[in-house]
Amino acid sequence: MAKGSKSRSLMKNEINASSMADIAFLLLIFFLVTTTIVEDKGITVKLPPWSEEPPEELKLKGRNVYLVLVNAQNQLLVRGEPMEVRSLRDNAKEFIANPGQREDYAESPKNAIISLKNDRGTNYETYLAVYNELKAAYNELWDDLCQRKFGKPYSEDLPTSIRKTIKDEIPFVLSEAEPTAFGDEK
Amino acid sequence: MVKKFKKKRSDAAPGISTASLPDIIFILLFFFMVVTQMRDSELKVKVKTPFATELNKLEEKSLVNYIYVGRPNDRYKDVYGTKPRIQLGDKFAEVNEIPLFLERHKTKVPESRHGQITSSLRVDGQVTMGIVQDVKTQLRKYGQLKVNYSAKKRPDEDKG
């Protein structure tokens, strides 16, 4: 201690700043790693092309159509039964895959058609939640199939050939009907 | 003794060297440049995008055009009311102005990549579907079929 106080007079009263840059770099790297950069994310959708003529009448078997109605009070009616958004995913999955070979569910995933119809007064939040659940149902089915066939989870980064095989097996068919206008905002 | 002490003190150079300060400032600057998103237009409508789980990333910013839909901000409430409105670029717009907006964006994109243009719909969760439907119909009529419904990642605990 005594030595320390003696050398004080000799010591230059300055902090060595050469390591400051390193510290700053460390901080920079720390922030880069821990923070997530603001990203643009969302549900990508391919809209059907516009045609002036009314779409031709398709004769579909009732059992293949998964009709989802959303009214202006944000309530769901799925195949004639009221339903909560949170049970939609599993119900849709069961309908598409039809593991129990039920008479009133889709003949095969290839035949399954999801029909979504909302009202002009439906909240966008609800609409997107419903859409998200239906997409999630398909994503989970694709994931299962991909695991069984190729032993890896489904993702958009897989080779096109694999994705095509999966999507041939379970095509994503979601048709959106022209919304009703009962609850439109005045 | 006192005199000597004083002398020593004035000899020593006080103060912290500021030589590295610019570097630090520059690093901070770069950091914020990288992390924050440049917004070229001020939002005049309130947009709080809903939560979702099945999200795709939008890769190239230059291939994306943004259509905002929401209720006007408090500042614009008196003039524009509280009905949901569309914002294109930095001003309020009507549905029929969308084709021109898309056409303008198209000129900035090389022709070979026109097919990859995505429209990002940044729509407030509390907006009713009527106006969204009008926008969608307009996009379909124009032929802009690649659309991204902007959403945030849902926190894990209320999944499904």
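Residues numbered from 1 in each chain as written. Chains lettered and ligands numbered in written order. Predicted model: local features only at pLDDT ≥ 70, side-chain atom pairs only at ≥ 80, totals over all residues.

1. Considerations on the sheet that holds strand E3 (residues 76-78) of chain A
The strands making up a sheet are joined through hydrogen bonds of the backbone, oriented either antiparallel or parallel. Residue and element names in this part refer to chain A. Spatially, five strands are ordered E4-E3-E2-E5-E6 in an open sheet, and the strand pairing comes out mixed. Looking at strand neighbours, the two that pair on one side only are strand E4 (81-83) and strand E6 (174-176), the edges of this open sheet. The average undirected angle you get between the axes of adjacent strands in this sheet is 25°. Relative to E4, E3 runs antiparallel, the two being bridged by three bridges. The partner of Leu77 across the bridge, within E4, is Pro82. Sitting on the sheet, helix H3 (residues 88-97) is in contact with strand E2 (65-70), E3 and E4, with an inclination near 15° to E3. Sheet strands touched by helix H4 (residues 124-150): E2, E3, strand E5 (113-118) and E6. Its angle to E2, the strand with the most contacts, is close to 160°. (Pairing = 2+ DSSP bridges. Helix = DSSP H or I, 4+ residues; strand = E, 2+ residues; numbered from the N terminus. Axes fitted to C-alpha atoms, helices over the stretch in contact; angles between N-to-C directions. Contact = placed C-beta atoms within 7 Å.)

2. A look at the pairing of strand E8 (residues 146-150) of chain B
Here is the key point about a regular strand: its side chains alternate between the two faces of the sheet. Residue and element names in this part refer to chain B. Most of E8 sits out of view: four of its five residues are buried. Alignment of strand E7 (residues 118-123) against E8, held across three bridges, turns out to be parallel. Of the residues in E8, the one forming a bridge with Leu121 is Tyr149. (Buried ≥ 20, exposed ≤ 12 C-beta atoms within 10 Å, placed from the backbone.)

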